[in-house]
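This is what each chain is made of:
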Amino acid sequence: MSIVTSRGASRAWRRPRPRTDTTPRRNISRYFCLLYFLEVGVVLVVAPWTTYWDRNLFMETLPLLEPLLTAAPMRGSVSGIGVVNLCAAGAELGVLMGRTHPV
């Protein structure tokens, strides 16, 4: 039995490098995700504190939900989800600017 220690054989055992996909299609989808996260984040942060939140379809059809939907903890929870979306937008922006590694 012989052990092959040539240069070509040792390369076969090396770990492959991670593939970074920087194609234009990949970047366009990241831009769309960035815009989506920004839009949803801003709407969810601002909307619960406007008068539009008090006059919506759910409160008109089911008046029992009005105390729940107009409570400050519910509005704060919705705004918190908006902040999470804004953080996701920041992460996408970091990837697009090349400061962080894509997930």
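Up top is the structure these notes are about.
A brief report on the enclosed structure follows. Because the structure is predicted, anything quoted here is derived from the model rather than measured. Residue numbers here run from 1 along each chain, matching the order of that chain's written sequence. Whole-chain, interface and lining totals are the exception, using all residues; otherwise, since this is a predicted model, local features are given only for residues with pLDDT of at least 70 and side-chain atom pairs are given and counted only at 80 or more. Side-chain metrics rest on all non-hydrogen atoms present in the structure, leaving aside hydrogens and water.

A look at the overall build of the protein
Alright, step 1. Only runs of H or I of at least four residues qualify as helices and only runs of E of at least two qualify as strands under DSSP, and these elements are numbered from the N terminus. Helix and strand content of the protein: six helices and zero strands.
Alright, step 2. Across the protein, helices and strands are ordered from the amino to the carboxyl terminus as α-α-α-α-α-α.
Alright, step 3. Throughout this description, buried means an accessible area under 20% of the type-specific maximum (1.4 Å probe, protein chains only), exposed means over 50%, and partly exposed covers the range between. When each of the 103 residues of the protein is scored for burial, the buried share is 17%.
Alright, step 4. In what follows, a contact means two residues having at least one pair of non-hydrogen atoms within 4.5 Å. Across the protein, every contact between residues at least 6 apart in sequence was considered, and the portion connecting residues at least 24 apart equals 71%.
Alright, step 5. Values of accessible area rely on a 1.4 Å probe in the Shrake-Rupley scheme; residue burial ignores everything except the protein chains shown. Surface summary for the protein: the accessible area is close to 8700 Å², and the carbon and sulfur share equals 66%.

Focus: the pattern of salt bridges
Alright, step 1. Between Lys or Arg on one side and Asp or Glu on the other, a salt bridge is scored when a side-chain nitrogen of the former is within 4 Å of a carboxyl oxygen of the latter. Considering all chains together, one arrives at two salt bridges under this definition.
Alright, step 2. Of the charged contacts, one joins E92 and R30 as a salt bridge, the two residues approaching to 3.0 Å between their closest N and O atoms. Of this pair, E92 sits in helix 6 (residues 72-96) while R30 sits in helix 2 (residues 24-46), and the two are 62 residues apart along the sequence. Pair check on accessibility: E92 and R30 agree, each one buried.
Alright, step 3. We note a salt bridge from R75 to D54, for which the minimum N-O separation is 2.4 Å. In this pair, R75 is assigned in helix 6 and D54 in helix 3 (residues 51-54), connecting sequence segments 21 residues apart.

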